[in-house]
Amino acid sequence: MAAPRCVLFLLYISLFSVLEYRSSCEKLSDNTGEEQSASDALREVKSDVSGNNEDDRQWQSTDVEMDKSVEAKDSESARPAPKDQFQEELIIRPLHSGDIYASFQFRTLWDTDFLQQGNKVSHYRLFPKSLGQVLSKFSVRELHISFTQGFWRTMQWGQPFIPSPPGAELWVWFDDTVADVDENWKELTNVLSGIFCASLNFIDTTNTVQPSASFKPLGLGNATDHRFLRYATLPREIVCTENLTPWKKLLPCGSKAGLAVLMKSEKLFHSSFHSQAVHIRPACQDGQCARPAWELRQTLNVVFDLYTSGQGKKEWSLFKMFSRTLTEACPLASSSKVYVDITDNPEGELFELSPATPVLSQAVVLGDRRTYSVYDLTKADTFGQLRSLNLLLRWKGDNGDMLRPLLHAERYVAGFGLQTGEIHTLVYNNHPFRAFPVLLLESVPWYLRLYIHTLKVTSKSRENKPSYIHYQPSKDRQRPHLLEMLIQLPPHSVTEVTVQFERALLKWTEYPPDPNHGFYVGSSVISALVPSMVAMDTNLTQEHPLFSSFFPVKEESNYFMRVYTEPLLVNLPTPDFSMPYNVICLTCTVVAVGYGSFYNLLTRTFQVDEPSLPLAKRLANLVRRIRGVPLLT
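Values in this document were obtained by computation on a predicted structure and should not be read as measured data. (Residues numbered from 1 in each chain as written. Predicted model: local features only at pLDDT ≥ 70, side-chain atom pairs only at ≥ 80, totals over all residues. Heavy atoms only, no water.)

## What to know about the packing of aromatic side chains
If you walk through the whole model with that rule in mind, you get 28 aromatic pairs. When the centroid spacing of 6.4 Å and the interplanar angle of 5° are considered together, the rings of Phe104 and Phe106 count as stacked. Under the relative-accessibility criterion, Phe106 is labelled buried at 2%. Seen in terms of ring centroids, Tyr595 and Tyr599 are 6.1 Å apart; in terms of plane orientation they differ by 25°. Their pairing is stacked. With a gap of 4 residues between them, Tyr595 and Tyr599 both fall in helix H11 (residues 578-603), about one helical turn apart. Judged by its relative accessible area of 46%, Tyr599 falls in the partly exposed class. Following the ring pairs from residue to residue traces out a cluster consisting of Tyr101, Trp152, Trp157, Phe161, Phe273, Tyr339, Tyr372 and Phe547. Sitting over the ring of Phe550, Arg281 keeps its end group 4.8 Å from the ring centre. (Phe/Tyr/Trp six-rings, centres within 6.5 Å; stacked < 30°, edge-to-face > 60°. Buried < 20%, exposed > 50% of the residue type's maximum accessible area, 1.4 Å probe, protein only. Helix = DSSP H or I, 4+ residues; strand = E, 2+ residues; numbered from the N terminus. Lys NZ or Arg CZ within 6 Å of the ring centre and 35° of its normal.)

Laid out in structure tokens, this is it:
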């Protein structure tokens, strides 16, 4: 009996000690503010059997746990900033012709790598997912696409911030890991055709070239293997609302907030010039380029003309140009600004700008230092009490004379008849004392058969021999002509490039529905490093306005410029398509008459029609029938 009593006594003592220890743990947890789980309490009961020393260790352990929790909270508060950012800008430049040039610039920068092996990007915040999937699937290193309606008049408007040719232009650099570039190019054009609702699916081998020197990468990397480059244009592409709508959907805020609310289709397309573009390239985020990122640059340029707008007087405002005003910035944008060029109006003698702003900014744009009035949309005082910003520009006097651009080009077709012709390209160097080289690219369709031995380059009535020529002859119905030349332009001169061609006779199925309208030839592309009037800033990572930092600058004395000429409209020998119509009509008539008569003879049934009796005999027979007498025959 003594043994069971001892066992029960020990069980009571152990149970009482456990309960007392739990109460002490609860007191400690109340004092320290930390909650202990039941498993931790049981574990500490088994390990801590003695008294005060163990309590001290428990206090130390809870202090360590508190430090760890504070460190965890600090680590959560010190999380890195978002990997993507968005900026938007609107630049308004009054032109000397009285027109207004408005340029929208949207930039999305994302710290990721679509082309890294095993890096599958699935979460998109600001960068459009449709374009991200295109870059990843087709291994695209750079993509540049533009849709333009109208022709930029350089001699009247000066140089644009980002040039583009009339129609559609697409040039892409693929990654050097691509095995079949032509197949990727074909699939990419079809996908982009669906994204932008354009006719890019008409791009094929007959209008695609591989330039060797004209189109270098604008982003990171010094790729020189032109096998991974493709360039194509569609000069007859018509730009309308169905192209603008998917373009606006690529913006983080769409057209609901920010500067994009001004993009009203009715106003944008009722202008002298309209161009929208998408540029994707890898870019640096810091000076050492240790953090490369992907840059999406969306641009929209429009020129409002006095006469096409129907105003008739030199007074402009945001509401008159876009039928809307600005009320807020895009909530997702880290920067949202409006720039107004006041370089030619330092004292307000040419035009009056209201509301006035004390914030001014200077930037080197196209080799010239310009001054801008800046309106920051992220600040509430910019909109005033009405919560609306409507910039008003009222001209006071004569616009003055515009400085002639240093580089300008023209092109036209000469000759007569429908057999031969000659292409003339004029390149102007308006610098008074500096000569500089330019790179000329000509892409001519295969049905204009160039006589390359007739190529002539003259400057100031003297032969100007190119220092570099790359020519790829065409193949009928397979590829176009490609001609690239490096030409030195003398100062204050006009350089003329001429080449003769012969018109080919197409098959009757290869003519478009309106063959007498003519066939379009894409614009010539002129690339050059033009001497700068002021020192250019070569620090690409420094904060610059978006419109002044698109083309990379490597030298302080020069800046890169690209110029496009007019597209050509050439008539080809066209058969008389009305003759087949006449033949078809005559043939159908003969068949209808001949076969119809023959078929009528074969299917008609003939019956003998007995001659009817004279009227006298019919009356007599009527009387005889009444009398019951035999009838007369």
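## Quick word on the packing of helix H4 (residues 129-138) against helix H6 (residues 181-196)
The geometry of H4 relative to H6 is characterised by a closest axis approach of 11 Å and an angle of 175° between their N-to-C directions. With respect to H6, the element H4 is oriented roughly antiparallel. Contacts between H4 and H6 involve Ser130, Val134 and Phe138 on the former and, on the latter, Asn184, Glu187, Leu188, Val191 and Ile195. When the residues that make up the contact of H4 with H6 are grouped by side-chain class, the tally is 5 nonpolar, 2 polar and 1 charged. (Axes fitted to C-alpha atoms, helices over the stretch in contact; angles between N-to-C directions. Parallel < 35°, antiparallel > 145°, perpendicular 65-115°, else oblique. Contact = heavy atoms within 4.5 Å. Nonpolar A, V, L, I, M, F, W, Y, C, P; charged D, E, K, R; others polar.)

## Quick word on the state of the cysteines
Within the structure shown, the criterion is met by 1 disulfide. One disulfide bridge connects Cys253 with Cys330, the sulfur atoms lying 1.8 Å from each other. Its torsion about the S-S bond being 70°, the disulfide of Cys253 and Cys330 is classed as right-handed. Within this pair, whereas Cys253 is found in the loop between helix H7 (241-249) and helix H8 (265-268), its partner Cys330 is found in the loop between helix H10 (318-322) and strand S10 (335-341), the two being separated by 77 residues in sequence. Each member of the pair, Cys253 together with Cys330, is buried. Of all cysteine sulfurs, the one in Cys240 lies closest to Cys197, which takes part in no disulfide; the gap is 9.0 Å. Residue Cys197 is classed as partly exposed on the basis of its relative accessible area of 38%. You can call Cys240 partly exposed: its relative accessible area is 28%. (Disulfide = S-S within 2.5 Å.)

## Some details on the side chain of Glu237
With respect to the helices, strands and loops of the structure, Glu237 is situated in the loop between strand S6 (229-234) and H7. Despite its burial, Glu237 pairs with no opposite charge, the nearest such side chain being Arg236 at 9.3 Å. For Glu237, the side chain forms a polar contact with the main-chain nitrogen of Ser199, separated by 3.3 Å. In this structure Glu237 touches Thr148, Gln149, Gly167, Ala168, Ala198 and Ser199, once residues within four positions along its chain are discounted. (Lys, Arg positive; Asp, Glu negative; His and termini not counted. Salt bridge = Lys/Arg side-chain N within 4 Å of Asp/Glu carboxyl O. Polar contact = N/O pair within 3.5 Å; in protein donor to acceptor, adjacent residues only side chain to side chain.)

## With respect to a nonpolar patch on the surface
On the surface, Val591, Tyr595 and Tyr599 cluster together into a nonpolar patch covering about 350 Å² of accessible area. Using a relative accessible area of 55% as the deciding quantity, one classes Tyr595 as exposed. (Patch = residues over 30% accessible without salt bridge, like charges linked within 9 Å, V, L, I, M, F, W, Y side chains within 5 Å. Areas by Shrake-Rupley, 256 points an atom, 1.4 Å probe, with all protein chains shown as cover.)

## Brief notes about H6
An ideal rise of 1.5 Å per residue puts 22 Å on 16 residues; H6 measures up with 22 Å between its terminal C-alpha atoms. All buried positions along H6 are accounted for by Val181, Asn184, Trp185, Leu188, Thr189, Leu192, Ser193, Ile195 and Phe196. At the N-terminal end of H6, a side-chain oxygen is found 3.4 Å from the backbone nitrogen of Asp182, two or three residues along, and the residue is Asp180. Looking one or two residues past H6, Cys197 carries a phi angle of roughly 55°, positive in sign. (Expected span 1.5 Å × (residues − 1).)

## Concerning the confidence of the model for the protein
Of the residues in the protein, 81% reach a pLDDT of 70 or more, and the chain-wide mean stands at 82. Taken together, the stretch residues 1-13 has pLDDT below 50 and engages in 0 contacts with residues farther than four places along the chain or on a different chain. (pLDDT = per-residue confidence, 0-100.)

## Here we look at the sheet that holds strand S20 (residues 468-472)
Here 5 strands make up an open sheet; going across it, the order is S20-S21-S17-S24-S25 and the pairing antiparallel. Two strands lie at the open edges of the sheet, namely S20 and strand S25 (558-564), each paired on one side alone. The average undirected angle you get between the axes of adjacent strands in this sheet is 15°. With 4 bridges joining them, strand S17 (residues 436-444) and strand S24 (residues 525-531) adopt antiparallel strand pairing. Paired with Leu440 across the two strands is Ile526, which belongs to S24. (Pairing = 2+ DSSP bridges.)

## Considering the sheet that holds strand S12 (residues 360-365)
Ordered in space as S5-S6-S4-S3-S7-S8-S2-S1-S10-S13-S12, the 11 strands form an open sheet in which the pairing is mixed. A single partner strand is all that each edge strand has here, and the edge strands are strand S5 (208-209) and S12. In terms of strand pairing, strand S3 (residues 140-149) meets strand S7 (residues 273-284) through 7 bridges, oriented antiparallel. Note that in S7 the partner of His144 across the bridge is His279.

## Points about the side chain of Gln105
Here Gln105 lies in strand S2 (residues 100-110). Overall, Gln105 belongs to the buried group, its relative accessible area being 1%. Polar contacts involving the side chain of Gln105 include one to the side chain of Ser103, which spans 3.1 Å. Apart from residues no more than four positions distant in its own chain, Gln105 is found in contact with Gln87, Glu88, Glu89, Ile91, Phe161, Ile162, Arg297, Gln298, Thr299, Leu546 and Phe547.

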